[in-house]
Amino acid sequence: MPDAPQSWPSCLCHGLISFLGFLLLLVTFPISGWFALKIVPTYERMIVFRLGRIRTPQGPGMVLLLPFIDSFQRVDLRTRAFNVPPCKLASKDGAVLSVGADVQFRIWDPVLSVMTVKDLNAATRMTAQNAMTKALLKRPLREIQMEKLKISDQLLLEINDVTRSWGLEVDRVELAVEAVLQPPQDSPTGPNLDSTLQQLALHFLGGSMNSVAGGAPSPGPDTVEMVSEVEPPAPQVGARPSPKQPLAEGLLTALQPFLSEALVNQVGACYQFNVVLPSGTQSAYFLDLTTGQGRVGHGVPDGIPDVVVEMAEADLRALLCRELRPLGAYMSGRLKVKGDLAVAMKLEAVLRALK
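Each value, and the rule that gives it
- Residues numbered from 1 in each chain as written.
- Predicted model: local features only at pLDDT ≥ 70, side-chain atom pairs only at ≥ 80, totals over all residues.
- Heavy atoms only, no water.
- UniProt positions renumbered as here; feature names shortened; annotations may be inferred.
- Helix = DSSP H or I, 4+ residues; strand = E, 2+ residues; numbered from the N terminus.
- Buried < 20%, exposed > 50% of the residue type's maximum accessible area, 1.4 Å probe, protein only.
- Contact = heavy atoms within 4.5 Å.
- Pairing = 2+ DSSP bridges.
- Core = buried A, V, L, I, M, F, W, Y, C linked by side-chain atoms within 4.5 Å.
- Polar contact = N/O pair within 3.5 Å; in protein donor to acceptor, adjacent residues only side chain to side chain.
- Salt bridge = Lys/Arg side-chain N within 4 Å of Asp/Glu carboxyl O.
- Phe/Tyr/Trp six-rings, centres within 6.5 Å; stacked < 30°, edge-to-face > 60°.
- Lys NZ or Arg CZ within 6 Å of the ring centre and 35° of its normal.
- Axes fitted to C-alpha atoms, helices over the stretch in contact; angles between N-to-C directions.

By the naming in an unreviewed UniProt entry, the protein is Stomatin-like protein 1, taken from Theropithecus gelada. Looking at the Sequence similarities (unreviewed entry) heading of the UniProt record, one finds this comment for the protein: "Belongs to the band 7/mec-2 family."

In structure tokens form, the structure reads like this:
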């Protein structure tokens, strides 16, 4: 950014004051050398303002500053990085997701970086967040998940269009989808961790859902209906509902027929499920898909489980009644997953085997 031309009186005053500064430096040398000489490393440049007017970038090496009339600012030319904090965004198909980004940038023109923007880091972070928001609002959830690299490249171009005039260039943008808070509203969702947890929780409760819903629950697209071979007797008028089946019996009945060597080869993990009862005690179940055709039963597994899922019975019933979303419960701490979350995602294979 070139300076405006000076009038001859201004040039005369500028030259006179600069001469006096040099004279003062020579008279007080070498004491003034401790304050006037600055060392600039190779990865930095020094922007010097003499009487308020910018000079060409100084450095690397030794730079001489005139006392009282020179001010300076250091500019780091190394590549730096910052992260855009995860924020809630709505995609084109109505899904709500938490998305962040990692951005790497460097300064290529020290003069522009000082002259055009006061807070370069804050301005670049805001530009990246605005570009990310505009790009994701135009895309459905599936496209965002499948084409993150393509979207990141587009964000890189859009951010650079703005920041190049600031003397800054963005080298890399990496989009990070932290979580899907709400599935798309206008398209059916595929199997995910939410529906898997609901399926497994349904098997744990067995017949206790009758007491929750006030009757027999109607089978839906995300539930497994268990049909008994023996027709139950007709209920008598005024009779109280029968007590719920043992949890272990419901679990074994629902999962045991679907275990196979193919499922073991696909999952290869051991799970433990802890259901906290209102009395404060826990009911433990295990699903071992590491050897043979797999095993399922009541209690803890023989070895150390890869993933432990823990939840309260009230929260479990809320999940099954659609009053609480599993992902929301997980993020709020009401549903705890101990272990590798990637291994927990393999429960989708168990869900597909149940269908």
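Trainee: Help me understand the overall build of the protein, please; the structure alone is not making it clear to me.
Mentor: Counting its regular elements, the protein contains 14 helices and 13 strands. Going through the 355 residues of the protein one by one, you find that 39% of them count as buried. Restricting to contacts in the protein with at least 6 residues of sequence separation, those with at least 24 account for 69%.

Trainee: I keep staring at the sheet that holds strand β5 (residues 70-76) and nothing clicks. Help me out?
Mentor: Note: strands within a sheet are paired through backbone hydrogen bonds, in either parallel or antiparallel orientation. Strand order across the open sheet formed by 3 strands is β3-β2-β5, with antiparallel pairing between neighbours. Each of the sheet's edge strands pairs with one partner strand only, and the pair in question is β3 (53-54) and β5. Pairing of strand β2 (residues 44-50) with β5, which is carried by 7 bridges, proceeds in the antiparallel orientation. Following the sheet pairing, Phe49 is matched in β5 by Ser71.

Trainee: Just checking my understanding: could you explain the nonpolar core for this structure?
Mentor: Here is a general trend for soluble globular proteins: nonpolar side chains tend to be buried in one another's company. Counting 35 residues, the largest nonpolar core has Met132, Leu136, Leu155 and Val170 as the members making the most contacts within it. Residue assignment for this core shows that the elements contributing at least two residues are β2, β6 (80-90), β7 (96-107), α3 (110-115), α4 (120-137), α5 (141-146), α6 (148-163) and β8 (168-182). Residues contacting Leu136, with those up to four places away along its chain left out, are Leu89, Ala90, Ser91, Lys92, Val99, Ile144, Ile151 and Leu175. Membership of the second largest hydrophobic core comes to 17 residues, among which are Leu263, Phe273, Leu287 and Val307.

Trainee: Sorry if this is basic, but what is going on with the side chain of Thr163 here?
Mentor: Looking at the secondary structure, you find Thr163 in helix α6. By relative accessible area, which is 0% here, Thr163 ends up buried. If we ignore the near neighbours within four places in the chain, the residues touching Thr163 are Thr124, Leu168 and Val170.

Trainee: Before we go on, may I ask you to explain the side chain of Asn274 in this structure?
Mentor: Mapping Asn274 onto the fold places it in strand β9 (residues 269-276). A relative accessible area of 8% places Asn274 in the buried class. A distance of 3.0 Å separates polar atoms of two side chains, one belonging to Asn274 and the other to Gln272. Non-local contacts of Asn274, meaning those with residues more than four positions away in its chain, are made with Gln282, Ser283, Ala284, Val308, Val309, Glu310 and Met311.

Trainee: Even after reading the chapter, I still don't get the UniProt feature "transmembrane region" (unreviewed entry) in the protein, so can you show me in this structure?
Mentor: Here, the residues flagged by UniProt with the feature "transmembrane region" (unreviewed entry) are residues 16-37. Secondary structure across residues 16-37 divides into 73% helix and 5% strand, with the first and last C-alpha atoms of the span separated by 22 Å.

Trainee: What should I look at first to understand the pairing of strand β10 (residues 282-289) in this one?
Mentor: The side chains of a regular strand alternate between both faces of the sheet. Of all 8 residues that make up β10, 7 are buried, and the element is covered over most of its length. Taken together, the 4 bridges between β10 and strand β11 (residues 295-298) define a ladder with antiparallel strand orientation. By the bridge assignment for β11, Asp288 is matched with Arg295. Counting the residues between successive antiparallel strands, the hairpin from β10 to β11 contains 5 residues, one of them, Gly292, with a positive phi of roughly 55°.

Trainee: Explanation requested: the environment of Asp288 in the structure shown.
Mentor: Summarising the element assignment, Asp288 is placed in strand β10. Residue Asp288 is classed as buried on the basis of its relative accessible area, which comes to 12%. The spatial distance from the C-alpha of Asp288 to the C-alpha of Tyr271 is 6.2 Å, given a sequence separation of 17 residues. If we skip the residues at most four places from it in the chain, Asp288 touches Ala269, Cys270, Gly294 and Arg295. Within polar-contact distance, the side chain of Asp288 engages the side chain of Thr290 at 2.5 Å.

Trainee: Just checking my understanding: could you explain the pattern of salt bridges for this structure?
Mentor: One side chain can pair with another of opposite charge once the charged atoms of both are near each other. Considering all chains together, one arrives at 11 salt bridges under this definition. Here the salt bridges do not stand alone but share partners, grouping Arg106, Glu169 and Asp171 into one network.

Trainee: Sorry if this is basic, but what is going on with the packing of aromatic side chains here?
Mentor: Aromatic ring pairs are defined here through the distance separating the ring centres and the angle between the ring planes. Within this structure, the stated rule accounts for 1 aromatic pair. Seen from the ring of Tyr43, Arg78 lies directly overhead, with NZ or CZ sitting 3.9 Å from the centre.

Trainee: What should I look at first to understand unusual backbone geometry in this one?
Mentor: Excluding glycine, residues mostly have negative phi values, and the peptide bonds linking residues are mostly trans. Put simply, Gly59 and Pro60 share a cis peptide bond, and its omega is 0°. Relative to the elements of secondary structure, Pro60 occurs in the loop between β3 and β4 (61-64). Backbone geometry at Leu51 places phi at a positive 55°, although glycine is not the residue there. Among the secondary structure elements, Leu51 is positioned in the loop between β2 and β3. You can call Leu51 partly exposed: its relative accessible area is 36%. A positive phi angle, near 75°, is found at Phe68, a position not held by glycine. With respect to the helices and strands, the residue Phe68 is situated in the loop between β4 and β5.

Trainee: Quick question: what am I supposed to make of the sheet that holds β8 here?
Mentor: A sheet is described by the order of its strands in space; here 3 strands give the open sequence β6-β7-β8, paired in antiparallel fashion. Two strands lie at the open edges of the sheet, namely β6 and β8, each paired on one side alone. Averaged over all adjacent pairs, the angle separating strand axes in this sheet is 15°, with direction ignored.

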